Amino acid sequence: MKRTLVLALALVAGSVAQAEPLNVVTTTSDLASIAREVGGDRVAVESIARGYQDPHFVEAKPSFLLQLRKAELLAVVGLELEIGWLPPLIEQSRNSEVRPGTDGYLDLSAGVEILDRPSAKVDRSMGDIHASGNPHYWLEPGNAVRIAIQFRDRFAKLRPAEAPYFTARLNEFKVRANDANKRWTEALAPYKGAKIVTYHRSWSNFARRYGLDVVDFVEPKPGVPPSPSHLFELVQSMKEQKVKVILVEPYFDLKTPNSVAQKTGAKVIVMYPSVGGAPGLDDYFKLFDRNVSALAEGLR
Amino acid sequence: MLKALFSERLMPLVILVVLVPLVAFAQGSDADVASRLEALTLRLEALDRESGAIRAEIDALRSLVAGAASVPADDLTQIEGALPAATEDLTKIDAVPAPAASDGSLAGVDVIENAPSAAVSKIFNPDIAIIGNVVAHAGGDNPEERDAIALQESELSLEAAVDPYAKAKFFIGYSDEEVAVEEGYIQFVALPWDLSAKVGKMKASFGKFNPTHFHTWSTTDAPLVNATFFGEEGLADSGVSVSKLIPAGAFLVEATAEAFRGSVEGVFEPGRSSDLFYDARLRAYRDLTENSNIDVGASFATGTLPETGGSSRFTGIDVSYRWKPLSRAIYRSFLARGELIVNDRDGGPDSAVGYYASADYQFARRWLAGARIDGVDRPDDPSITDRGQSLMLTFRPSEFSLIRGQYRRTDYGDGFEADEFLLQFQFGIGAHGAHPF
Ligand SMILES: [Zn+2]
């Protein structure tokens with residue numbers, strides 16, 4: 001009898017009129033992946049940037065206007081990651097529903113843990129620095145959950161009738177992320193405190209989560225190729241500190257990292273910062289599975 | 001209070017009171033129903049303050065009931081704990097990312113309300129950028145006298161949202177000789193039907209080259225055709241511009257119609273105040289592959305000739321092909337572009353024809369090589385044709401500066417020949433502008 005009542009209630013809750021899926025455009029494939037986790041089949045998600053593309057330098061192609069003009073929600077990484085290409089796209093899309101400040105615009109940096117906030121005054125002598133903090137925050141499962149929560153809240157606001165569905169999917173995602181994170185933590189546990197070098201400052205959140213120590217960068221001034229003197233110092237300090245791996249994003253040339261690796265005996269590991277960075281890395285979990293196992297392999 | 005009881009806000013509480021025992025029953029345990037109910041009621045009071053989240057929360061519980069079969073009973077508390085709004089969890093979050101020897105559970109993770117960054121306090125100031133442009137010049141019997149080195153036209157740009165409906169942009173050009181508003185307009189960005197409109201002084205949307213600013217060029221100078229037909233400042237005037245996006249299958253079509261006051265130095269000069277100049281452009285863009293695309297356009301402009309008062313008409317076509325491999329975008333790119341413009345004048349002997357074709361190849365992260373051929377008939381005597389060839393090499397130390405060398409050979413139709421070398425230094429400070437496309 002009680003069970004029937006539960007079922008009846010479930011039916012009532014589920015019989016909400018099926019609307020058209022919410023049209024979501026994200027700037028990066030990682031946001032798209034998490035949006036799909038939360039939105040399921042009630043949202044249609046497209047990413048502007050591909051996973052194998054440097055998200056700082058996406059070309060503002062007019063074809064993106066086709067995606068943007070019909071978007072109901074535009075989700076961005078923020079922290080000036082997209083500053084070089086997104087503003088003209090929003091402007092030319094003629095879609096006033098996704099302009100900053102509207103419900104159709106979601107800057108996910110507002111609700112996640114941000115690292116590397118400059119404490120002193122910054123200027124461009126430091127290169128094209130991320131002046132508001134590190135925008136590569138999605139590379140940490142805790143922040144992935146925070147991104148998912150923000151998606152749920154916004155989806156629920158735009159499609160109130162579907163709120164239970166989004167919440168259920170969010171909770172499911174949390175459980176899966178939690179389980180997966182246990183697995184990744186375990187895989188990297190033996191290398192806690194390991195010193196690593198990364199090409200760009202993309203892995204701060206990742207390193208903090210898994211207890212890795214990023215001691216230096218191949219390209220310390222973003223957008224400015226490393227100077228010979230920096231590379232010389234890098235080689236020296238890597239030798240002294242016995243750094244075993246250099247992590248490089250797939251869109252950077254491997255020449256410089258390879259030559260540093262040769263001089264130091266370290267290994268170059270291509271780490272994918274985004275979903276879709278290589279064939280098979282179709283979602284956030286596969287991305288982390290691959291990166292974690294490659295890193296564990298390299299540190300062994 | 002009693003009144004509130006009947007308000008919609010308390011409906012969730014009613015639902016909750018109904019649902020909680022059901023959930024408990026579905027779990028097969030009713031031992032702590034009372035305490036659970038009490039806790040949830042307290043919680044609900046807290047939640048009530050955040051009216052935005054409350055509905056989703058209740059819905060969550062509702063869906064848990066619906067999906068009770070698939071959610072292990074043990075997880076119920078965990079999921080509850082993972083729901084937002086429990087402030088005590090914030091401290092827990094700080095601990096979560098710390099090197100985790102413990103379980104590193106994500107259960108308590110909640111969004112962090114980041115304080116707005118310092119940049120936000122400047123939100124009401126326009127974005128300001130200045131681009132300096134110094135050109136040194138050597139060689140040639142250029143009919144126009146040029147300084148050996150000069151701060152050529154540099155640009156101050158100011159940009160800000162006016163209100164939710166419009167943006168304002170100002171581009172002020174300054175050189176050794178003068179300071180002038182190159183462009184200054186309001187752009188309406190919230191119009192229906194894929195429309196966009198601009199009112200103010202602006203560059204006409206004629207062809208590919210005319211609407212651009214010098215810092216997006218891959219050369220130090222304008223092609224002969226643009227300099228000769230439209231003058232130093234290009235085709236720019238005060239007026240109104242309306243454009244519409246028209247998706248057409250794989251193509252993106254943009255149609256633009258513009259009307260201007262009618263006065264462009266040396267090009268158009270209104271005899272009466274009703275002698276406006278008009279400009280129209282139709283452009284089609286399409287991605288060929290993920291890495292390449294093509295952009296074709298046709299433009300038409302008509303206005304009144306200075307002195308004679310007759311009409312002068314410009315008709316142009318342009319083609320651009322672009323290649324940029326996505327996964328190596330910061331190292332390699334290629335752009336080929338051609339533009340042909342014909343000028344017909346009332347009472348003129350013949351049509352004057354001008355063109356340019358250029359190719360630019362980025363062969364390393366900071367290096368670009370380019371070539372351009374251009375030519376133009378002089379509008380007052382189309383039998384005289386000036387022709388030019390240029391080679392360019394550009395080095396970009398960073399996104400914000402460049403050094404460019406250009407070798408330019410010009411055969412002037414009246415017998416002069418000029419071999420020149422131009423060296424350009426360009427640097428930008430201030431707001432991070434969009435990368436040129
Ligand atoms: Zn970055």
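Enquirer: Explain the overall build of chain A to me, please; I cannot follow it from the model alone.
Expert: When you go through chain A residue by residue, the secondary structure sums to 10 helices and 8 strands. A globule of 300 residues ought to have a C-alpha radius of gyration of about 19 Å, and chain A, at 21 Å, matches this closely. Each principal axis of the C-alpha atoms in chain A carries an extent, and together these give about 70 × 50 × 35 Å. Counting only residues that meet the buried cut, chain A has 61% of its 300 residues in that class. Taking contacts inside chain A between residues at least 6 apart in sequence as the whole, the part at least 24 apart equals 65%. Carbon together with sulfur atoms contributes 54% to the accessible area of chain A, which is approximately 11500 Å² in total. Each charge class in chain A was averaged separately, 38 positive and 35 negative side chains, and the resulting centres sit 4 Å apart.

Enquirer: Would you explain the sheet that holds strand E1 (residues 22–26) of chain A in this entry?
Expert: Pairing between the strands of a sheet is mediated by backbone hydrogen bonds and can be parallel or antiparallel. Residue and element names in this part refer to chain A. Reading across the sheet, the 4 strands line up as E2-E1-E3-E4 and stay open at both edges, with parallel pairing between neighbours. Edge positions in the sheet fall to strand E2 (43–47) and strand E4 (105–107), since each has one partner strand and no second. Taking each pair of neighbouring strands and ignoring which way they run, the sheet shows an average axis angle of 20°. Here E1 pairs with strand E3 (residues 73–76) via 3 bridges, running parallel. Residue Thr26 lies in a different strand from E3, and its bridge partner there is Ala75.

Enquirer: Any chance you could explain the confidence of the model for chain B here in plain terms?
Expert: Interpreting fine coordinate detail is not advised for predicted regions of low pLDDT. Residue and element names in this part refer to chain B. In the predicted model, chain B carries a mean pLDDT of 76, and 70% of its residues have values of at least 70. Across residues 56–103, confidence stays below pLDDT 50; counting only partners more than four residues off in sequence or on other chains, it has 80 contacts. Predicted complex metrics record ipTM = 0.83 and pTM = 0.78.

Enquirer: So what exactly am I meant to see when it comes to the side chain of His136(A) here?
Expert: Residue and element names in this part refer to chain A. Looking at the element boundaries, His136 is found in the loop between E4 and helix H5 (141–158). Take His136: its relative accessible area is 1%, and that puts it in the buried class. Once residues within four sequence positions are removed from consideration, His136 is found in contact with His56, Leu81, His130, His200, Arg201, Ser202 and Asn205.

Enquirer: Would you explain the sheet that holds strand E5 (residues 195–198) of chain A in this entry?
Expert: Residues and elements named next belong to chain A. In space, the 4 strands of this open sheet follow the order E6-E5-E7-E8, with parallel pairing throughout. Both edges of this open sheet fall to strand E6 (213–217) and strand E8 (267–270), since each of them pairs with a single strand only. The mean inter-strand angle of the sheet, taken between neighbouring strand axes irrespective of direction, is 35°. Strand direction decides the pairing type here: E5 and strand E7 (residues 245–248), joined by 3 bridges, are parallel. Bridged to Thr198 within E7 is Leu247. Along the sheet, helix H9 (residues 255–264) makes contact with E7 and E8, crossing E7 at roughly 175°. Contacts between helix H10 (residues 284–299) and the sheet are confined to E5, E7 and E8, with E8 contributing the most and set at about 175° to the helix.

Enquirer: Hey, could you run me through helix H2 (residues 29–39) of chain A in this one?
Expert: Residues and elements named next belong to chain A. Counting buried positions over the 11 residues of H2 gives 10, a clear majority of the element. All buried positions along H2 are accounted for by Ser29, Asp30, Leu31, Ala32, Ser33, Ile34, Ala35, Glu37, Val38 and Gly39. Elements in contact with the buried residues of H2: E1, E2, E3, H5, helix H6 (163–188) and H10. Gly40 sits one or two positions beyond H2 and adopts a positive phi of about 50°.

Enquirer: How should I be thinking about the side chain of Arg404(B) in this particular structure?
Expert: All names here are of chain B. As for its position among the elements, Arg404 is in strand E16 (residues 401–411). For Arg404, which is buried and forms no salt bridge, the nearest opposite charge comes from Asp360, at a distance of 7.1 Å. Of the polar contacts made by the side chain of Arg404, one reaches the backbone oxygen of Ser218; its length is 3.4 Å. Setting aside residues up to four positions removed in sequence, Arg404 forms contacts with Trp217, Ser218, Thr219, Thr220, Met392, Leu393, Thr394, Leu422, Leu423 and Gln424.

Enquirer: What is the right way to read unusual backbone geometry from this model?
Expert: Trans is the prevailing form of peptide bonds, just as negative phi is the prevailing case for residues other than glycine. Residues and elements named next belong to chain A. For Arg94, which is not glycine, the phi dihedral falls at a positive 60°. Considering the arrangement of structural elements, one finds Arg94 in the loop between helix H4 (86–93) and E4. You can call Arg94 buried: its relative accessible area is 7%. The phi dihedral of Asp116 falls on the positive side, at around 55°, and the residue is not glycine. Relative to the helices and strands, Asp116 resides in the loop between E4 and H5.

Enquirer: Is there a simple way to think about the packing of aromatic side chains in this case?
Expert: Aromatic ring pairs are described here by two measures, namely the spacing of the ring centres and the angle between the planes. Counted by the stated rule, this structure contains 24 aromatic pairs over all chains. A ring pair is formed by Trp184(A) and Phe288(A), whose centres lie 4.8 Å apart and whose planes are at 40°; its orientation type is tilted. With Trp184(A) in helix H6 and Phe288(A) in helix H10, the pair connects residues that are 104 residues apart, well separated along the chain. Each member of the pair Trp184(A) and Phe288(A) is classed as buried. Residues Phe209(B) and Tyr356(B) carry aromatic rings whose centres are separated by 6.2 Å and whose planes lie at 70° to one another, so their mutual orientation is edge-to-face.

Enquirer: Is there a simple way to think about a nonpolar patch on the surface in this case?
Expert: Taken together, the side chains of Tyr361(B), Phe363(B), Trp367(B) and Leu393(B) present a nonpolar region at the surface, about 350 Å² in accessible area. Counting through the fold element by element, Trp367(B) comes out in strand E14 (residues 367–378).

Enquirer: Hey, could you run me through the nonpolar core in this one?
Expert: The tendency in soluble globular proteins is for nonpolar side chains to be buried as a group. Grouped together as the largest cluster of nonpolar side chains are 64 residues, with contacts concentrated most on Tyr137(A), Ile147(A), Phe151(A), Phe155(A), Phe206(A) and Leu295(A). The leading source of residues in this core is H10(A), at 9 residues. Residues lining this core come from more than one domain, with at least three contributed by each of domain 1 (15–182) and domain 2 (190–299) of chain A. Not counting chain neighbours up to four residues away, the residues in contact with Phe151(A) comprise Thr26(A), Leu31(A), Ile34(A), Ala35(A), Val38(A), Ala75(A), Leu106(A) and Leu108(A). Grouped together as the second largest cluster of nonpolar side chains are 25 residues, Val264(B), Phe314(B), Ala352(B) and Tyr356(B) included.

Enquirer: Can you help me understand a negative patch on the surface in this one?
Expert: A cluster of like negative charges, contributed by Asp176(B), Glu177(B), Glu178(B), Glu232(B), Glu233(B), Glu265(B), Glu269(B) and Glu307(B), occupies part of the molecular surface. Within the secondary structure, Glu232(B) is located in the loop between helix H8 (224–230) and strand E7 (236–248).

Enquirer: What should I look at first to understand the confidence of the model for chain A in this one?
Expert: Scored by pLDDT, chain A has a mean of 88; 94% of the residues are at 70 or more. Scored below 50 in pLDDT, residues 5–17 of chain A shows 9 contacts in the model against residues more than four places distant or in partner chains.

Enquirer: Hey, could you run me through the pattern of salt bridges in this one?
Expert: Two side chains carrying opposite charge are able to pair once their charged atoms lie near each other. In total, this model carries 39 salt bridges over all chains according to the counting rule given. For Glu91(A), the salt bridge goes to Lys169(B), with nearest N and O atoms at 2.6 Å. With one member in each of two chains, Glu91(A) in helix H4 and Lys169(B) in strand E4 (residues 166–174) form a pair that bridges those chains. Both residues of the pair, Glu91(A) and Lys169(B), count as buried. Residues Lys203(B) and Glu182(B) are paired through a salt bridge, measuring 3.6 Å at the closest nitrogen-oxygen approach. In this pair, Lys203(B) is assigned in strand E6 (residues 195–203) and Glu182(B) in strand E5 (residues 179–188), connecting sequence segments 21 residues apart. Owing to a relative accessible area of 10%, Lys203(B) belongs among the buried residues under this scheme. Linked through salt bridges whose partners overlap, the residues forming this network are Arg94(A), Lys208(B), Glu254(B), Arg283(B) and Asp295(B).

Rules behind the numbers
- Residues numbered from 1 in each chain as written.
- Chains lettered and ligands numbered in written order.
- Predicted model: local features only at pLDDT ≥ 70, side-chain atom pairs only at ≥ 80, totals over all residues.
- Heavy atoms only, no water.
- Helix = DSSP H or I, 4+ residues; strand = E, 2+ residues; numbered from the N terminus.
- Rg over C-alpha atoms; globule rule 2.2 N^0.38 Å.
- Buried < 20%, exposed > 50% of the residue type's maximum accessible area, 1.4 Å probe, protein only.
- Contact = heavy atoms within 4.5 Å.
- Areas by Shrake-Rupley, 256 points an atom, 1.4 Å probe, with all protein chains shown as cover.
- Lys, Arg positive; Asp, Glu negative; His and termini not counted.
- Charge placed at Lys NZ, Arg CZ, Asp CG, Glu CD.
- Pairing = 2+ DSSP bridges.
- Axes fitted to C-alpha atoms, helices over the stretch in contact; angles between N-to-C directions.
- pLDDT = per-residue confidence, 0-100.
- Salt bridge = Lys/Arg side-chain N within 4 Å of Asp/Glu carboxyl O.
- Polar contact = N/O pair within 3.5 Å; in protein donor to acceptor, adjacent residues only side chain to side chain.
- Phe/Tyr/Trp six-rings, centres within 6.5 Å; stacked < 30°, edge-to-face > 60°.
- Patch = residues over 30% accessible without salt bridge, like charges linked within 9 Å, V, L, I, M, F, W, Y side chains within 5 Å.
- Core = buried A, V, L, I, M, F, W, Y, C linked by side-chain atoms within 4.5 Å.
- Domains from an automatic or database assignment.

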